[in-house]
Amino acid sequence: MYTLKCISRLPLNILTFQPIAKCSSKGIQNATLQYRQSVQNVMQGVAYGQPTPWTHSHLIKDGEVVPGIDVNEFQARRNKLMEKISRVNKSCFKISAHVVIIPSASKVYMSDKIPYVFRQNTDFLYLTGCQEPNSILLMTAINDNYTSTLFMQPKNPQIELWEGPRTGVTAALPFFQVDQVFPVSEFHSILQSFLNAHKNSIVWYDGANILQAEVHQNLQQLIKTLNKQEFNNPKSFLHELRVIKSKAEQNLMRRSCEIASAAISETIRKSKIGMTEHELFATVDYESRMRGAEFLAYPPVVAGGKNANVIHYIANNQFVCDKEMVLMDAGCEYHGYTSDITRTWPINGTFTPNQRILYEIILDIQKTLINKLKEMPSLDIIYHDMCRLLGKRLQEECIISKNLNTAQLLEAAHHCCPHHVSHYLGMDVHDTMNISLYNPVLPGMIITVEPGIYLNSNNKFVPSEFHGLGIRLEDNILIHEHTPEILTESCPKEVMEIEILAQQNQT
Ligand SMILES: [Mn+2]
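In this text the structure is predicted, and so the values were computed from the model without any measurement. (Residues numbered from 1 in each chain as written. Predicted model: local features only at pLDDT ≥ 70, side-chain atom pairs only at ≥ 80, totals over all residues.)

Engineer: Hey, could you run me through the overall build of the chain in this one?
Structural biologist: Helix and strand counts for the chain stand at 16 helices and 20 strands. When each of the 507 residues of the chain is scored for burial, the buried share is 44%. (Helix = DSSP H or I, 4+ residues; strand = E, 2+ residues; numbered from the N terminus. Buried ≥ 20, exposed ≤ 12 C-beta atoms within 10 Å, placed from the backbone.)

Engineer: Mind showing me how you'd approach the packing of helix H11 (residues 247–270) against helix H16 (residues 495–502) here?
Structural biologist: Relative placement of two packed helices is described by the angle separating their axes and the distance separating the axes. Contact geometry for H11 and H16: axes closest at 6 Å, N-to-C directions at 60 degrees. Put simply, H11 runs oblique to H16. Contacts between H11 and H16 involve Ser265, Ile268 and Arg269 on the former and, on the latter, Ile498, Leu501 and Ala502. Split by residue class, the contact of H11 with H16 holds 4 nonpolar, 1 polar and 1 charged. (Axes fitted to C-alpha atoms, helices over the stretch in contact; angles between N-to-C directions. Parallel < 35°, antiparallel > 145°, perpendicular 65-115°, else oblique. Contact = placed C-beta atoms within 7 Å. Nonpolar A, V, L, I, M, F, W, Y, C, P; charged D, E, K, R; others polar.)

Engineer: What is the right way to read the pairing of strand E6 (residues 136–142) from this model?
Structural biologist: Looking down a regular strand, the side chains alternate between one sheet face and the other. Among the 7 residues of E6, 6 are classified as buried, and the element is accordingly described as predominantly covered. The pairing of E6 with strand E7 (residues 145–152) spans 7 bridges and is antiparallel. Bridge assignment links Thr140 to a residue of E7, and that residue is Thr147. With antiparallel pairing between neighbouring strands as the criterion, E6 and E7 make up a hairpin whose turn holds 2 residues, including Asn143 at a positive phi of roughly 50 degrees. (Pairing = 2+ DSSP bridges.)

Engineer: Would you mind showing me how to read the sheet that holds strand E20 (residues 485–486) here?
Structural biologist: Note: strands within a sheet are paired through backbone hydrogen bonds, in either parallel or antiparallel orientation. The strand order E16-E19-E20 describes an open sheet built from 3 strands, whose pairing is antiparallel. Strand pairing shows two members of the sheet lacking a second neighbour, strand E16 (446–449) and E20, which therefore form its edges. In this sheet, strand E19 (residues 475–478) lies alongside E16 in antiparallel orientation, the contact comprising 4 bridges. In the strand pairing of E19, Ile446 is matched with Leu478. Its contacts with the sheet put helix H13 (residues 353–372) on E16, E19 and E20, and the angle it makes with E16 is roughly 155 degrees.

Engineer: What is the right way to look at unusual backbone geometry in this model?
Structural biologist: With the exception of glycine, the majority of residues adopt a negative phi angle, and the majority of peptide bonds are in the trans configuration. Backbone geometry places Asn143, a non-glycine residue, at a positive phi of 50 degrees. Tracing the backbone through its elements, the reader meets Asn143 in the loop between E6 and E7.

Engineer: Which parts of the structure should I look at to understand the nonpolar core?
Structural biologist: What tends to happen in soluble globular proteins is that the nonpolar side chains get buried as a cluster. Ranked by size, the top nonpolar core spans 128 residues in total, and within it Val326 and Ile447 carry the most contacts. If one sorts the elements of this core by residue count, H11 sits on top with 8 residues. Split by domain, this core shows at least three residues from each of two domains, domain 1 (4–241) and domain 2 (245–502). (Core = buried A, V, L, I, M, F, W, Y, C linked by C-beta atoms within 7 Å. Domains from an automatic or database assignment.)

Engineer: Help me out: how do you make sense of the sheet that holds E6 in this one?
Structural biologist: Sheet architecture is open: 5 strands sit in the order E8-E7-E6-E3-E9, paired in mixed fashion. Lying at the two open borders of the sheet, with one neighbouring strand each, are strand E8 (180–183) and strand E9 (202–204). For this sheet, the mean inter-axis angle between neighbouring strands, taken without regard to orientation, is 20 degrees. Bridging between strand E3 (residues 97–103) and E9 involves 3 bridges; their strand directions are parallel.

Engineer: Looking at this structure, how should I read helix H14 (residues 379–396)?
Structural biologist: In an α-helix, one turn spans 3.6 residues, which is why side chains three or four residues apart end up on the same side. Between the first and last C-alpha of H14 there are 25 Å, a value that for 18 residues agrees with the 26 Å anticipated at 1.5 Å per step. Within the span of H14, buried status applies to Leu379, Ile382, Met386, Cys387, Leu390, Gly391, Arg393 and Leu394. In this fold, the buried residues of H14 make contact with H13, helix H15 (406–416), E16 and strand E17 (452–454). Residue Cys398 follows H14 closely and has a positive phi angle near 60 degrees. (Expected span 1.5 Å × (residues − 1).)

Engineer: Sorry, what's going on with H13 here?
Structural biologist: Between its first and last C-alpha, H13 extends 29 Å over 20 residues, near the 28 Å set by a 1.5 Å rise per residue. All of the buried residues in H13 are Gln355, Leu358, Tyr359, Ile361, Ile362, Ile365, Gln366 and Leu369. Taken end-on, H13 shows its buried residues confined to a sector of 160 degrees, consistent with a single buried face. Residues of H13 that are exposed and point over 90 degrees away from its buried face: Pro353 and Asn371. (Arc of directions from axis to C-beta.)

Engineer: Sorry if this is basic, but what is going on with the packing of H14 against H15 here?
Structural biologist: Where H14 meets H15, the axes come as close as 8 Å, and the angle between the chain directions of the two elements is 100 degrees. It follows from the interaxial angle that H14 and H15 lie roughly perpendicular. From H14, Cys387, Leu390, Gly391 and Gln395 reach across to H15, where they touch Leu409, Leu410, Ala412, Ala413, His414 and Cys416. In the contact of H14 with H15, the residues fall into 7 nonpolar, 3 polar and no charged.

Engineer: Explain the environment of Asp70 here, please?
Structural biologist: By the secondary structure assignment, Asp70 is in strand E2 (residues 69–70). Under the C-beta neighbour-count criterion, Asp70 is labelled partly exposed, with 18 such atoms within 10 Å. Spatially, the C-alpha atom of Asp70 lies 9.5 Å from that of Gly129, the residues being 59 residues apart in sequence.

Engineer: I keep staring at the pairing of strand E15 (residues 341–346) and nothing clicks. Help me out?
Structural biologist: Within E15, 6 of the 6 residues are buried, leaving the element largely enclosed by the surrounding structure. Covered by surrounding structure in E15 are Ile341, Arg343 and Trp345 together with Thr342, Thr344 and Pro346, the residues of both alternating faces. Of the strand pairs in this sheet, strand E12 (residues 325–330) and E15 are connected by 6 bridges, and their pairing is antiparallel. Following the sheet pairing, Val326 is matched in E15 by Trp345.

Just geometry here; none of it tells us what the structure is for.
This is the structure:
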């Protein structure tokens, strides 16, 4: 059992850094029972740096480290990562010791003492559930023995008076159920001891992504003294784990998608001629938070009229006039899991004939692509299908010339929709970017399907009467063996549904 006394004994082990516990799955189960009891008995009086079951029972259940995710799941994730890393390199290099370093994010300030909203480094959060800045996770593998060590900012009444409680070193051990916890000030010497004891070990650290400047500098110094050229990046292994969502993650994603679907529906219902993009932004933000989302997952695109031709339009400061459409790309973050939806609707509640022709083309293409997911294609195949279908449908409606050959038609389609049609979705909006778009989709993956059309005044392929129109439809899909599950199904997109909804608040 992990108790306070256990920590005070630990320094005896530091220098050789022998693993003090091996995380077998049976060990995890036994430890979990003890963990829950010990955490409850010992730690209820401690102020934590994040919600706990006994301080925020409306958010987080007994046995969970963050809302919806059990402490076992975090242990299993760490073990799986270390298994992957040791297995691959055992066969390649015959090296038996590995050390993986994952820093947390640090606070970022917009001006003097005014922080941006803190967002934890996703990989660190995925492996620990720890929400605190300036912490570090260090994992080691010696043969088949794995250890996880957290380095936490120590308790400090003076700082905590201003910034709120820190979990601290003592409470972190039973709460996060890692093997060891030390103050962050000891990170460097403990790492050094490990590397001295295991001279041929491989150091895994994402040197391209500087999260804590001081830690990064120290690590670079260290790698030089070890005569190693560079770090090995653990990101691809982590993304291989993260791209497949567990049942707990699927449930959180379902809820994130439900919230954003309801918030966007409600925004369409409240919209009317003469509203500003800013007011529509405020509405979707409000409706998301009121349903339990922490915040919007990204600055939303709220584009009236021809502003929709700018793919990443986020100025959101213009009026939306009669006969214009609104393109809204918005999603929320719910307990660390994001949704990413786009809907386009006529601000006055009725599509013009040209708007409707284009809308129906995009809707049809989107449904075809979603249906195709049954065949478990790669996202790249879905993209090429979109380009092909877009060109074909625009020709059928006599919007693009029928005289174009196949290559010219694809070029025209690419001109009308210059972005990809899909990305992985999860804790990050553009999730697991190290996973190739050429891989076939697998059960447990969550992806977006988002065909669009943007006809700016430079577009020579289409008649000028279509210029200024911009439409995108985006849904979030959980891949299953036979039938894809549309997590954003409750957000309307049929022409009739959209028109009825958008007509409700017109005066
Ligand atoms: Mn998207």
